[in-house]
Amino acid sequence: MGAVILSLLFPLLAIALRIAGDGDLARRLKSRDQSAMGEMYDRYGRLAFSLIVRIVRNEGIAEDLVQETFLRVWNRSASFDEEKGALAPWVLAVARNRAIDYVRSLEARQTRNSMELDKLERPGVCAVVDDAFLQVDRVRLLKTAFDKLPPNQRMVLELAYFEGMSQPEMAERMKQPLGTVKTWVRTALRSLREEIGEAVPA
Amino acid sequence: MNCDDLADVFELYALGVLEAEERGEIEAHLGRGCAACTPRLRRAAALNAAILAVVPDTAPPRGLRRRVVSLVGSGRSAWGWTFASGSVAAALLIALLWFSVRDRELESQLARERANLTRVQQAFAFLNEPETKQVIFGKGEPRGNVFVNPRTGVLLIASNLPPLPVGKTYELWVIPKGGAPKPAGLFQSDREGTAIYIQSGALDLAATGAVAVTVEPDAGSAQPTTTPIIVAPVAGF
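Residues numbered from 1 in each chain as written. Chains lettered and ligands numbered in written order. Predicted model: local features only at pLDDT ≥ 70, side-chain atom pairs only at ≥ 80, totals over all residues.

Quick word on the overall build of chain A
Part 1: Per the secondary structure count, chain A includes 11 helices and 0 strands.
Part 2: Along chain A, helices (α) and strands (β) appear in the sequence α-α-α-α-α-α-α-α-α-α-α when read from the amino end.
Part 3: Taken over 202 residues, chain A has a buried fraction of 51%.
Part 4: Residue pairs at least 24 apart in sequence account for 76% of intrachain contacts in chain A once pairs closer than 6 positions are excluded. (Helix = DSSP H or I, 4+ residues; strand = E, 2+ residues; numbered from the N terminus. Buried ≥ 20, exposed ≤ 12 C-beta atoms within 10 Å, placed from the backbone. Contact = placed C-beta atoms within 7 Å.)

Describing the pairing of strand 7 (residues 208–217) of chain B
Residues and elements named next belong to chain B.
Part 1: With respect to burial, strand 7 is a largely interior element, 7 of its 10 residues being buried.
Part 2: Pairing between strand 4 (residues 168–176) and strand 7: 9 bridges, direction antiparallel. Among the inter-strand pairings, Leu 172 is bridged to a residue of strand 7, identified as Val 213.
Part 3: Pairing of strand 7 with strand 8 (residues 230–233) involves 4 bridges; the strand directions are antiparallel. Bridge pairing links Val 213 to Ile 230 in strand 8. (Pairing = 2+ DSSP bridges.)

Description of the sheet that holds strand 2 (residues 143–149) of chain B
All names here are of chain B.
Part 1: Taken in spatial order, the 4 strands of this open sheet run 1-2-3-6, and their pairing is antiparallel. Each end of this open sheet is capped by a strand with a single partner; those strands are strand 1 (133–137) and strand 6 (195–199). For this sheet, the mean inter-axis angle between neighbouring strands, taken without regard to orientation, is 15°.
Part 2: For strand 2 and strand 3 (residues 153–159), the ladder comprises 7 bridges, and the chain directions are antiparallel. Paired with Val 146 across the two strands is Leu 156, which belongs to strand 3. (Axes fitted to C-alpha atoms, helices over the stretch in contact; angles between N-to-C directions.)

Focus: the sheet that holds strand 4 of chain B
All names here are of chain B.
Part 1: Strand order in the open sheet formed by 4 strands is 5-4-7-8, with antiparallel pairing between adjacent strands. Edge strands, defined here as strands with exactly one partner in the open sheet, are strand 5 (182–187) and strand 8. For this sheet, the mean inter-axis angle between neighbouring strands, taken without regard to orientation, is 20°.

Examining the confidence of the model for chain B
Residues and elements named next belong to chain B.
Part 1: On average, residues of chain B score 81 in pLDDT, and 83% of them reach the 70 mark or higher.
Part 2: Element-level pLDDT for chain B is lowest in helix 6 (residues 77–85), with a mean of 48, against a maximum mean of 92 in helix 5 (residues 63–70).
Part 3: The ipTM assigned to the predicted complex is 0.79, against a pTM of 0.55. (pLDDT = per-residue confidence, 0-100.)

Overview of the packing of helix 3 (residues 34–56) of chain A against helix 5 of chain B
Part 1: Where helix 3 of chain A contacts helix 5 of chain B, the axes come no closer than 9 Å and their chain directions differ by 140°. Where helix 3 of chain A crosses over helix 5 of chain B, the two elements pack in a sense that is right-handed. Only Leu64(B), Arg65(B), Val68(B) and Val69(B) of helix 5 of chain B make contact with helix 3 of chain A, whose side of the interface consists of Gln34(A), Met37(A), Gly38(A), Tyr41(A) and Gly45(A). (Left-handed = near helix turned anticlockwise from the far one by under 90°.)

Overview of helix 3 of chain A
Residue and element names in this part refer to chain A.
Part 1: Between the first and last C-alpha of helix 3 there are merely 28 Å, a value that for 23 residues lags more than 12% behind the 33 Å anticipated at 1.5 Å per step.
Part 2: Along its length, helix 3 reaches its greatest deviation from straightness, about 55°, at Tyr 44.
Part 3: Of all 23 residues in helix 3, 18 are buried; the element is thus mostly enclosed.
Part 4: Phi turns positive one or two residues past the end of helix 3, at Arg 57, with a value near 55°. (Expected span 1.5 Å × (residues − 1). Bend = angle between axes of the 7 residues up to and from the residue.)

Considering the packing of helix 9 (residues 151–163) of chain A against helix 11 (residues 178–196) of chain A
Residues and elements named next belong to chain A.
Part 1: Look at helix 9 against helix 11: their axes get within 9 Å of each other, and the N-to-C directions meet at 90°. Between helix 9 and helix 11, the angle is such that the two are roughly perpendicular. Residues Asn 152, Gln 153, Val 156 and Leu 157 of helix 9 form the contact with helix 11, whose participating residues are Val 181, Trp 184, Val 185, Thr 187 and Ala 188.
Part 2: Of the residues contributing to the contact of helix 9 with helix 11, the split by class is 6 nonpolar, 3 polar and no charged. (Parallel < 35°, antiparallel > 145°, perpendicular 65-115°, else oblique. Nonpolar A, V, L, I, M, F, W, Y, C, P; charged D, E, K, R; others polar.)

Considering unusual backbone geometry
Residues and elements named next belong to chain A.
Part 1: Positive phi, normally seen in glycine, also occurs at Arg 57, with a value near 55°.
Part 2: Given 11 C-beta atoms within a 10 Å radius, Arg 57 is considered exposed.
Part 3: In this structure, Lys 175 takes a positive phi of about 55° despite not being glycine.
Part 4: One can find Lys 175 in the loop between helix 10 (167–174) and helix 11.
Part 5: For Lys 175, a count of 6 C-beta atoms within 10 Å gives the class exposed.

A closer look at the nonpolar core
Part 1: Among the nonpolar cores identified, the biggest contains 81 residues, and Ile52(A), Val91(A) and Val156(A) are the most heavily contacted of them.
Part 2: A per-element tally of this core places helix 3 of chain A first, with 13 residues.
Part 3: Contact partners of Val156(A), with chain neighbours within four places excluded, come to Met170(A), Val181(A), Trp184(A), Val185(A) and Ala188(A).
Part 4: Val148(B), Ala184(B), Val211(B) and Ile230(B) belong to the second largest nonpolar core, which has 26 residues in total. (Core = buried A, V, L, I, M, F, W, Y, C linked by C-beta atoms within 7 Å.)

Considering the environment of Arg186(A)
Part 1: The topology assignment puts Arg186(A) in helix 11.
Part 2: Of the residues examined, Arg186(A) has 18 C-beta atoms within 10 Å and is grouped as partly exposed.
Part 3: For Arg186(A) and Gln153(A), which are 33 residues apart along the polypeptide, the C-alpha to C-alpha distance reads 8.9 Å.
Part 4: Not counting residues up to four positions away in its chain, the partners in contact with Arg186(A) are Asp8(B) and Val9(B).

Listed below in structure tokens is the structure:
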């Protein structure tokens, strides 16, 4: 499972990381320029679709959730601060959260984090990423770092990012003590941070 | 926990997967405006975005772009949002509605059939009365039969009725000899222009000159306002 998510990586990046000029796009979104919706889709539609398919594993459902994602961004774009960053992280967060909410609703899982998901979709929280961050070489670094993680550490990250699990939920799923899971999570995140550390703007 | 411990899980915080206790701690800490932690949170959000961007590439279907753009088409944004915000729930709702509409359609169809059957049964009963007399009217269109019975009233069986304009209805009249027409009920035809209508009640055959039908406004009229489409003289009973 671990290496799978990082395979077939590069075709996406070429599309996903064309994020220069998001400021102008964001301004047009805010002024309800309908063509901005099309442009935003052209930039991030494929990425959002890929991410959602990765989470829900159903392309039909993913189509619905992509529409939901873009409408949500459109409707909330008024609160986006184009001076602070790119749209991509925000679109990604919204897409991920819609997909995870969907999977949870299927599993009738306690949505203990749903309020949090909603709150963290505020563009102010997500869109603090410098345009330059999501560049192909940076993400290539990340892929390499991810691949180097021990299986258990990759697993906990996948459960957090693509299944929306909290640490106690991971412990239950992996039948491991909570303390062990927490250690894996922290160690894994630290490794990734170190690998791409300088690439991330402070 | 100190700054470093908290910052260790900023990614989880930004993902929304932290338990309430740790989340509360982080929020309280950030709320105090920790200068060191703000950029760390920013980095965490960046790392999250990068990890989420690293998924297998799947091409969306061609039509998806059009659907996304049309969600904010002119004058449709509010509705589109309502639709899309629960697209999955909406799909279920649509399915549910479809079934219930179909149920309702079947139900109303059944009700219509039942009403038709009732009318036919009543017509048979009416015809079966020994005192029922037949009055034939019309050679062209519309045509049909009027039956009169001193005890049970008037039965009209008509076909080739002209289609009714919206807001109009057929009205039956009983016209006494030498008197003004009396309203005898409103009815509609079916899609084929046929109608079976019974105006129940005693009827003085000797005093009745004719039975007539006009087209009237929905609520009916006290006096005919249009030329009758059916006039069946009641004579010789």
